[in-house]
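Analysis of the macromolecular model
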Amino acid sequence: TKKHMSSAARSRLLLSHRVTTNSVPSTSDQTGARVRVNKRIHAQQQQKSKANKKKNENSRYEFPGSMPSAFQKDVTRALEQAKRAEKVWSCEITDFYSPPLCDWIEAAVKKNFGEAIVCNRFGGFSGAEQQRVLLARRDNSEELFELAKKDEFFANEEDEGEVDTNNCAIACVNISGKFAFDPASHPDFLGAVLNAGVKREKIGDILVNNSSEGGAKVLATPAIAVFLTRALESVRTVKVTVELFPLSELEGAQGAQVQEPVRTYEASLRLDAVASAGFRCARSKMGEDIVKGNVKLNYNVCEKKNATVGQGDMISCRGRGRVEVKEILEQQNDRYRIELVRYK
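The structure reproduced in this document is the subject of the present report. For clarity, every value in this text was computed on a predicted model and none was experimentally measured.

1. Observations concerning the overall build of the protein chain
Helix and strand counts for the protein chain come out as 10 helices and 14 strands. Counted over contacts in the protein chain with a minimum sequence separation of 6, partners at least 24 positions apart contribute 59%.

2. Quick notes on the sheet that holds strand 1 (residues 92-97)
With respect to topology, 3 strands assemble into an open sheet ordered 1-3-2, the strand pairing being antiparallel. Across the chains shown, the open sheet's two edge strands, defined by having one partner strand only, are strand 1 and strand 2 (117-122). Pairwise comparison of adjacent strand axes, ignoring direction, gives a mean angle of 20 degrees for this sheet. Here helix 4 (residues 99-113) sits on the sheet and contacts strand 1, strand 2 and strand 3 (131-137); the angle it forms with strand 2, its principal contact strand, is near 170 degrees.

3. Topic: helix 7 (residues 222-231)
Along helix 7, the residues that are buried comprise Pro222, Ile224, Ala225 and Leu228. Buried positions in helix 7, seen along its axis, are confined to an arc of 165 degrees and lie on one side of it. Exposed side of helix 7, more than 90 degrees from the buried face: Ala223 and Arg230 are the residues found there. Buried residues belonging to helix 7 abut strand 3, strand 4 (171-177), helix 6 (186-195), strand 5 (203-208), strand 6 (216-220) and strand 8 (238-245).

4. Brief notes about the pairing of strand 12 (residues 314-317)
The side-chain alternation of strand 12 yields two buried faces, one formed by Met314 and Ser316 and the other by Ile315 and Cys317. Alignment of strand 10 (residues 295-297) against strand 12, held across 3 bridges, turns out to be antiparallel. The partner of Leu297 across the bridge, within strand 12, is Ile315. Across 4 bridges, strand 12 lies against strand 13 (residues 321-330) in antiparallel orientation. Within strand 13, the position partnered with Ser316 by the bridge is Arg322. The turn joining strand 12 and strand 13, which pair antiparallel and follow one another in sequence, is formed by 3 residues; a positive phi near 85 degrees is taken by Gly319.

5. Considering the packing of helix 3 (residues 72-88) against helix 4
It is the contact of helix 3 with helix 4, at a shortest axis distance of 10 Å, that shows an interaxial angle of 45 degrees. Regarding the angle of helix 3 to helix 4, the classification is oblique. Note that helix 3 runs across helix 4; the crossing there is right-handed. Each of Asp74, Val75, Ala78, Leu79, Ala82, Lys83 and Glu86 in helix 3 lies in contact with helix 4, whose residues at this interface are Leu101, Trp104, Ile105, Ala108, Val109, Asn112 and Phe113. For the contact of helix 3 with helix 4, the per-class residue count stands at 10 nonpolar, 1 polar and 3 charged.

6. What to know about the sheet that holds strand 9 (residues 259-266)
Pairing is antiparallel in the open sheet, where 6 strands are placed in the order 9-14-13-12-10-11. Only two strands of the sheet have a single neighbouring strand rather than two, namely strand 9 and strand 11 (300-301). Sheet strands touched by helix 9 (residues 271-279): strand 9, strand 10, strand 12, strand 13 and strand 14 (336-343). Its angle to strand 12, the strand with the most contacts, is close to 70 degrees.

7. Structural notes on the pattern of salt bridges
A complete count under the given rule lists 16 salt bridges for this structure. In this structure, Arg280 and Glu260 form a salt bridge, with 2.7 Å as the shortest nitrogen-oxygen distance. Of this pair, Arg280 sits in the loop between helix 9 and helix 10 (283-291) while Glu260 is found in strand 9, placing the two residues 20 residues apart along the sequence. Looking at Arg280, the relative accessible area reads 53%, which means it is exposed. Of the charged contacts in the structure, one is a salt bridge between Arg283 and Asp272, with a shortest N-O distance of 3.4 Å. With Arg283 in helix 10 and Asp272 in helix 9, the pair connects residues that are 11 residues apart, well separated along the chain. Here Arg283 falls in the partly exposed class, since its relative accessible area comes to 40%. A relative accessible area of 5% places Asp272 in the buried class. Each of Asp103, Glu106 and Arg121 takes part in salt bridges that share partners, so that together they form one network.

8. Side note on the side chain of Asp205
Within the element layout of this structure, Asp205 appears in strand 5. Although Asp205 is buried, it makes no salt bridge; Arg322 carries the closest opposite charge, 4.8 Å away. Looking at Asp205, its side chain comes within polar contact range of the main-chain nitrogen of Glu129, at 2.7 Å. Within the structure, the side chain of Asp205 is placed 2.9 Å from the backbone nitrogen of Gln130, a separation counted as a polar contact. Excluding its chain neighbours within four sequence positions, the residues that come into contact with Asp205 are Phe125, Ala128, Glu129, Gln130, Lys217, Val218 and Leu219.

Parameters at a glance
- Residues numbered from 1 in each chain as written.
- Predicted model: local features only at pLDDT ≥ 70, side-chain atom pairs only at ≥ 80, totals over all residues.
- Heavy atoms only, no water.
- Helix = DSSP H or I, 4+ residues; strand = E, 2+ residues; numbered from the N terminus.
- Contact = heavy atoms within 4.5 Å.
- Pairing = 2+ DSSP bridges.
- Axes fitted to C-alpha atoms, helices over the stretch in contact; angles between N-to-C directions.
- Buried < 20%, exposed > 50% of the residue type's maximum accessible area, 1.4 Å probe, protein only.
- Arc of directions from axis to C-beta.
- Parallel < 35°, antiparallel > 145°, perpendicular 65-115°, else oblique.
- Left-handed = near helix turned anticlockwise from the far one by under 90°.
- Nonpolar A, V, L, I, M, F, W, Y, C, P; charged D, E, K, R; others polar.
- Salt bridge = Lys/Arg side-chain N within 4 Å of Asp/Glu carboxyl O.
- Lys, Arg positive; Asp, Glu negative; His and termini not counted.
- Polar contact = N/O pair within 3.5 Å; in protein donor to acceptor, adjacent residues only side chain to side chain.

Rendered as structure tokens:
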């Protein structure tokens, strides 16, 4: 029949065949579309499963009623560590946390495990702000805590230099350099360490040496301490040398930390008034920092400029350091003489 068809009819037949072929999906196209749909459904199911798993993990534990939601992730992780310590009789060590978060961890552990699990804080030296929480069963807690507080890199002679690195909680490094012409403060050292790729929760307090020495001492996990000796090369424009420093000598090294005594006379004990005097800045500037959430009173963010400051309180401001309220004396002229110490 095709032999007797005209060229025009033959063209129309070919065109209709192409349209029919294109309008009907091939088997391979149908299979590909089915695979894409199945992948999308599988991804949605996985996402829903992860959400339910996270919800179930959180529901397994009881949290103190007034605990801020921002702490829930870290507290849940600490409770998982406490559960592991209970199961395998080990000493579990959290990251470095602020005092308020350590308080919530201890409260949550007590609420969920009662007296079975013991908590012990350790920051490398007495009075440390950033601390790690050690978790162990009550039966063997003393032995495990003592082992965790040993210095991994400077073991005592009776230990014959053998200390289990997995159980050591904290190590210290000393950062030294020629800072005479380019002095560095606490934020500079913290920024240099974080820029090296270290997470904030892996490092503890930073003790800035006095101006004659320069440099600083940084508390960190043992693994991060070793990493800093290799990775940290400069602070600001100064080339630095990073060496391990014994924890046993850290208590005496605190005296070398930069401390500036400040005496001020104020008409009130408002946070903005005391903080501006301690940090030596304008009261309006300090008020802006407080409203922005850059100021902490006793390690908790305080956005109220009229908050009352008391003796023994600690005020910290991002980028400025810390101020401790040493003494408050009321004067006869209804003013207060306030003795402060600023840690740079």
